[in-house]
Amino acid sequence: FFQKTRAAVKKWFTLFGWPNGQNPISIPYSLRRDVCKVQTSSSEEKGFKQNLGKDAKTLYGMLFHLSGELLPSTTSSQSLHLEPAERVLQLHCEHSALLAFLKSKGAYLPHVMPEFLLEPDDYKKWIQVQISHMTELKKGDMENSDKHLFVLEDSTFETMSKRAWTDVLLQIYKVFVLPRVSACNVTNLLSLGKVQSMPRIKSEPLSSNIYSPHERTILTWLNEHYEKNRKTVWKDCQKGEVPPMRWIVNFDQDLLDGLVLAAQLAAYCPYLIATHFVRMYTKPKTPEQFLHNCLILVNAMNAVSLAMGIKV
């Protein structure tokens, strides 16, 4: 499940996370590398430079593209310390600022420590610095002698780092992308007589402990379009009658047969009905019929250049 989630996050941010078109990323490797350090090759200025500007192909450029804000307390291009210990502390401080910025926008990241966002070598150096610092504290102040350091093994750190970066990206999506969802068009759809009989999905913040208000707005949008279009899309269906009314309450089980998403696509591209959607099974029961419907849906998406690489 986690691998599928990471793959979906990687695909979305590769396609839509950047200001100047697609930018392939890998989680966590390219994010750690591009955010942490870029070594300059100039003979006049050898060392490490960071590009944190709005046009940079780093997490900071992505954040500016999605939120319109640069990370506080950072300049567009700043130098990293050449001394390893100082450089690691500087990176740790910047990752702390990143997490604090996201939390201030509503991100939920209590389990992500700034050191989990470092590269493995930098993490080891950070641990060494902390051990040295704690040793000095114990010598000078016995009150601090009970402090402990949580050290991860190499393989465990890689697993934790993948999870941390994935969760950071998911929370970026939650606080900067999902809030763009507007309920205006959905409200207009509700005025249609035949749709008013549909059960309503409440958008109040406390009405669900699973989906946010913005996600519930999307569920409402799916319900309205499906109920409005199902009789139009499949009135001349070749493989069954008009599908029955349904209440769409989740983003997995209720979308498996392809019919709900086909109804959304038909609302905006009605010419796909005759070329694609009339060949769908309206009451699929076998895995082969589900596969058949999803093949048609993906082909329809490709036909209108929604080529997002979605697997059937």
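Residues numbered from 1 in each chain as written. Predicted model: local features only at pLDDT ≥ 70, side-chain atom pairs only at ≥ 80, totals over all residues. Heavy atoms only, no water.

An unreviewed UniProt entry annotates the protein chain as CFA47 protein originating from Indicator maculatus.

A. Here's a closer look at the side chain of Gln130. Assignment of secondary structure puts Gln130 in helix 5 (residues 120-140). Residue Gln130 is classed as buried on the basis of its relative accessible area, which comes to 18%. Discounting residues that sit within four places of it in the chain, Gln130 has contacts with Leu89 and Leu149. (Helix = DSSP H or I, 4+ residues; strand = E, 2+ residues; numbered from the N terminus. Buried < 20%, exposed > 50% of the residue type's maximum accessible area, 1.4 Å probe, protein only. Contact = heavy atoms within 4.5 Å.)

B. The packing of aromatic side chains, seen in detail. Scanning all chains against the criterion turns up 7 aromatic pairs. On the numbers, 4.9 Å between centres and 85° between planes, the contact of Trp12 with Tyr173 is edge-to-face. Here the residue Trp12 occupies a position in helix 1 (residues 2-16), and Tyr173 occupies one in helix 6 (residues 154-176), the gap between them amounting to 161 residues. Centroid distance Trp221 to Tyr268: 6.4 Å. Interplanar angle 40°. Geometry classified as tilted. Residue Trp221 is located in helix 8 (residues 213-233), and its partner Tyr268 is located in helix 9 (residues 259-268); the two are separated by 47 residues in the primary sequence. In this structure Tyr268 comes out as exposed when scored by relative accessible area, which is 54%. (Phe/Tyr/Trp six-rings, centres within 6.5 Å; stacked < 30°, edge-to-face > 60°.)

C. Here's a closer look at unusual backbone geometry. In this model, Ile27 is joined to Pro28 through a cis peptide bond whose omega is 5°. Relative to the elements of secondary structure, Pro28 occurs in the loop between helix 1 and helix 2 (29-36). Phi at Ser305 is positive, roughly 65°, even though this residue is not glycine. Along the chain, the position of Ser305 falls in the segment after helix 11 (287-303). Residue classification places Ser305 among the exposed positions, given a relative accessible area of 63%.

D. Structural detail: the pattern of salt bridges. Inspection of the entire model under this criterion finds 7 salt bridges. Salt-bridge contacts for Lys105 lead to Glu69; the nearest nitrogen and oxygen are separated by 2.9 Å. Pair noted here: Lys105 is in the loop between helix 4 (84-104) and helix 5 and Glu69 is in the loop between helix 3 (59-67) and strand 3 (77-80), with a separation of 36 residues, a long-range link. Using a relative accessible area of 31% as the deciding quantity, one classes Glu69 as partly exposed. (Salt bridge = Lys/Arg side-chain N within 4 Å of Asp/Glu carboxyl O.)

E. Here's a closer look at the nonpolar core. Counting 37 residues, the largest nonpolar core has Phe13, Leu102, Leu117, Val168, Leu169, Ile172 and Phe176 as its most contacted members. Every element with two or more residues in this core is listed here: helix 1, helix 3, helix 4, helix 5 and helix 6. Per-element accounting of this core gives the leading share, 8 residues, to helix 6. Residues within four places of Ile172 in sequence aside, it is in contact with Phe13, Leu59, Leu63, Leu66, Leu102 and Val177. The next biggest cluster of nonpolar side chains, apart from the first, holds 25 residues, and it includes Tyr226, Leu255, Ile296 and Met301. (Core = buried A, V, L, I, M, F, W, Y, C linked by side-chain atoms within 4.5 Å.)

F. Fine view of the packing of helix 1 against helix 6. Relative to each other, helix 1 and helix 6 sit at 50°, their axes nearing to 10 Å. On the basis of the axis angle, helix 1 is oblique to helix 6. For the pair helix 1 and helix 6, the sense of crossing is left-handed. Across the interface between the two elements, Phe2, Thr5, Arg6, Val9, Trp12 and Phe13 from helix 1 touch Lys162, Arg163, Thr166, Leu169, Leu170, Ile172 and Tyr173 from helix 6. In terms of residue class, the contact of helix 1 with helix 6 is made up of 8 nonpolar, 2 polar and 3 charged. (Axes fitted to C-alpha atoms, helices over the stretch in contact; angles between N-to-C directions. Parallel < 35°, antiparallel > 145°, perpendicular 65-115°, else oblique. Left-handed = near helix turned anticlockwise from the far one by under 90°. Nonpolar A, V, L, I, M, F, W, Y, C, P; charged D, E, K, R; others polar.)

G. Up close: the environment of Phe157. Mapped onto the elements, Phe157 comes out in helix 6. Separated by 33 residues in sequence, Phe157 and Lys124 place their C-alpha atoms 10.0 Å apart. Other than its neighbours up to four places away in sequence, Phe157 contacts Arg32, Glu115, Phe116, Leu118, Glu119, Pro120, Tyr123 and Leu152.

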